[in-house]
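# Notes for the structure review
Letter by letter, the chains look like this.
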Amino acid sequence: MDCLVIGGGLVGMMTARELAAGGLRVRLLERGECGRESSWAGGGILSPLSPWDMPEAVSLLAAWSQRRYPALAAGLADETGIDAEWTQSGLLSLDPDAGTAARAAAWAREHGARLETLDAAGVARLEPLCRPAAQALWLPEVAQIRNPRLLRALKRSLEIAGVALDEHTGVSELLSRAGRIAGVRTEDGEIIEADCVIVAGGAWSGILLEPLGIRTDIRPVKGQMLMYRAEPGLVRCILQDHGRYAVPRRDGHVLFGSTLEESGFDRSVSDGARAELTAAAASLVPALAACPLVRHWAGLRPGSTDGVPSIGPVPGVAGLYVNAGHFRNGVLLAPASARLLADIVLGRPPILEPAPYSLHSV
């Protein structure tokens, strides 16, 4: 193989797909099953919850990905028969304060985004079953994707492209020699030689890099979420209310989240979080209180200090690259991150200036 990708989440699989499309023979190593960590656990919102508060480096990646997601989803559906349900639901952010409204307006002007300010009557017309709100910010262009289906489609696409997928193959050590990557050692003790290795292990990426003397700001941040079974149309658009959000799927299911917990690699759910989230859901959409709660889960986001991912070469180790640290926006940023990393590896003109995404060392 020309290249090893460590990590079978959305970022890892999209990176492998881009490298394979660029003509490389790619092998992907995943410690569990592809697409079963934070990529699966998120809400699939194809926008930051508050895009006006994001660093410019995140906004640039987001804009590139947003423009390409419709074609990506359609192409994967044609190729694999799996519809990832790209849906332009729009995002309704309730009761912004004056500072938020001003930042949102400035962001919309700068980025050419559609943004409307709705009064109480406008909110009620758009989303009649959500709690009354004096005003709201409405972003009609925001879309969502059903991330578990997207992950299944990507995995099938990699298989069709001939990418070698090794699931249940954890990497215990990155091997280097004379300042260059030499390969990896798996948890079973196998040594796999490689001149090019990409670390796309999500929240676990920092653990792999640290033995090489490279300390990053990538860390696990747990998020707990709920899923309700409802009739289609009970919630019409993506709702945000001071950090909480509801995401309606086409079949009526509504996702509600999420917590932000600094608890290491603990993925357990808690009664306290469930009570907190169910109360918030009932406050945001009172009708959800009568809907069956069908699932409660947790995922570990690859947190980073400012939400800007590390994309590019690892200093001091030639042939070693990283694509991790996307925090709450991994699903959104994955297409652009994968393309940028592939551009760097393949020596192509990059889609974006790479400097803002250099590895964040601590």
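Just so you know, these numbers come straight off a predicted model, no measurement behind them.

Basis of the calculations
Residues numbered from 1 in each chain as written. Predicted model: local features only at pLDDT ≥ 70, side-chain atom pairs only at ≥ 80, totals over all residues. Heavy atoms only, no water. Pairing = 2+ DSSP bridges. Helix = DSSP H or I, 4+ residues; strand = E, 2+ residues; numbered from the N terminus. Axes fitted to C-alpha atoms, helices over the stretch in contact; angles between N-to-C directions. Contact = heavy atoms within 4.5 Å. Buried < 20%, exposed > 50% of the residue type's maximum accessible area, 1.4 Å probe, protein only. Salt bridge = Lys/Arg side-chain N within 4 Å of Asp/Glu carboxyl O.

### Focus: the sheet that holds strand E15 (residues 293–303)
Ordered by their spatial adjacency, 8 strands build an open sheet running E4-E5-E3-E12-E13-E14-E11-E15, and the pairing between neighbours is mixed. Two strands bound the open sheet, and with one partner strand each, they are strand E4 (116–119) and E15. Recorded for the sheet is a direction-independent mean angle of 25 degrees between the axes of neighbouring strands. Note: E4 against strand E5 (residues 135–139), 4 bridges, orientation antiparallel. Across the sheet, the residue bridging to Thr117 is Leu137, located in E5. Most of the contacts of helix H8 (residues 271–284) go to strand E11 (residues 219–228), to which it runs at about 55 degrees, and overall it touches strand E3 (91–94), E11, strand E12 (238–241), strand E13 (244–248), strand E14 (254–257) and E15.

### Some remarks on the pairing of E12
Residues of E12 alternate between two faces, with Ile238 and Gln240 on one and Leu239 and Asp241 on the opposite face, all of them buried. Bridge analysis of E3 against E12 gives 3 bridges, and the strand direction is parallel. Looking at E12, one finds that Ser93 is bridged to Gln240. Counting the residues in the hairpin turn of E12 and E13 gives 2 residues, including His242, whose phi is positive at 55 degrees.

### Focus on the pattern of salt bridges
Taken as a whole and assessed by the stated rule, the structure comprises 22 salt bridges. A salt bridge links Arg17 to Glu79; the nearest nitrogen and oxygen atoms lie 3.5 Å apart. Placement of the pair is Arg17 in helix H1 (residues 10–21) and Glu79 in helix H3 (residues 56–80), with a sequence separation of 62 residues. Arg17 gets classed as partly exposed once you look at its relative accessible area, which sits at 27%. Residue Asp53 is joined to Arg103 by a salt bridge in which the shortest nitrogen-to-oxygen separation is 2.7 Å. With a gap of 50 residues between them, Asp53 in the loop between helix H2 (38–41) and H3 and Arg103 in helix H4 (residues 98–111) connect regions that are remote in the sequence. Asp53 sits in the partly exposed class, given a relative accessible area of 39%.

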